[in-house]
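Listed here are the chains, written in short residue letters.
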Amino acid sequence: MSTVDDAPHGVPIEILLVEDDPGDVLITREAFADHKVSNRLSVCTDGAEALRFLRQEGEHAGAPRPDIVLLDLNLPGVDGRAVLEVIHADPALNDIPVVVLTSSRAEEDFLRSHELRVDTYIAKPVDFASLMHVVRRIETFFVSVRRRATA
């Protein structure tokens, strides 16, 4: 797990990226940096680690609660589908928005993800433009939520 703080001003968005491909991690970091979204990006490379992070267990005791999860479905060990099911079933986690980033073209994965209230489903290979669209949506969502909270 690694964490990058890109938030010089204000309260950063806490983002958990669950991704085992170093190239996809890099493009995600670049998209947030390029759009200058104030964020703290934590990365877990498999589903078991992501669940420990979300539950703040073991090496992730004291980890920040993510404001959003960017989740690959095809992970080693505990896959993203199982992570989604845990998030959906856990009242302490099921209000965290989830964006699925996956190479799966299976309709059943798409339907199951939406059944589990996934906010956005993006098929890989993820191009920079698609990722920038998601980054803009994340920023817009959190800016509007924070404005309502301070009003």
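Residues numbered from 1 in each chain as written. Predicted model: local features only at pLDDT ≥ 70, side-chain atom pairs only at ≥ 80, totals over all residues. Heavy atoms only, no water.

*Asks:* Would you mind going over unusual backbone geometry with me for this structure?
*Replies:* A negative phi angle characterises most non-glycine residues, just as the trans form characterises most peptide bonds. Not every positive phi belongs to a glycine, and Q56 is a case in point at roughly 55°. Examined against the element boundaries, Q56 turns out to sit in the loop between helix 2 (47–55) and strand 4 (68–72). (Helix = DSSP H or I, 4+ residues; strand = E, 2+ residues; numbered from the N terminus.)

*Asks:* Explain helix 2 to me, please; I cannot follow it from the model alone.
*Replies:* For an α-helix, 3.6 residues make a turn, and residues three or four places apart therefore share a direction. Looking only at helix 2, the buried set comprises G47, E49, A50, L51, F53 and L54. Where helix 2 is buried, its residues contact strand 2 (13–18), strand 3 (39–44), strand 4 and helix 3 (80–89). One side-chain oxygen of the residue at the start of helix 2 lies 3.1 Å from the amide nitrogen of A48, identifying that residue as D46. Q56 sits one or two positions beyond helix 2 and adopts a positive phi of about 55°. (Buried < 20%, exposed > 50% of the residue type's maximum accessible area, 1.4 Å probe, protein only. Contact = heavy atoms within 4.5 Å. Polar contact = N/O pair within 3.5 Å; in protein donor to acceptor, adjacent residues only side chain to side chain.)

*Asks:* Is there a simple way to think about helix 3 in this case?
*Replies:* Within the sequence span of helix 3, burial applies to G80, V83, L84 and I87. Buried residues of helix 3, seen end-on, are gathered within an arc of 100° and therefore sit on one face of the element. (Arc of directions from axis to C-beta.)

*Asks:* Where do I start with the packing of helix 2 against helix 3 in this structure?
*Replies:* Each pair of packed helices can be described by the angle between their axes along with the distance between the axes. One way to put it is that helix 2 packs onto helix 3 with a least axis distance of 9 Å and a crossing angle of 20°. Here helix 2 lies roughly parallel to helix 3, going by the angle between them. In this structure, the crossing between helix 2 and helix 3 has a hand that is right-handed. Along its contact with helix 2, which presents G47, L51, L54 and R55, the element helix 3 presents V83, V86 and I87. Classifying every residue of the contact of helix 2 with helix 3 by side-chain character gives five nonpolar, one polar and one charged. (Axes fitted to C-alpha atoms, helices over the stretch in contact; angles between N-to-C directions. Parallel < 35°, antiparallel > 145°, perpendicular 65-115°, else oblique. Left-handed = near helix turned anticlockwise from the far one by under 90°. Nonpolar A, V, L, I, M, F, W, Y, C, P; charged D, E, K, R; others polar.)

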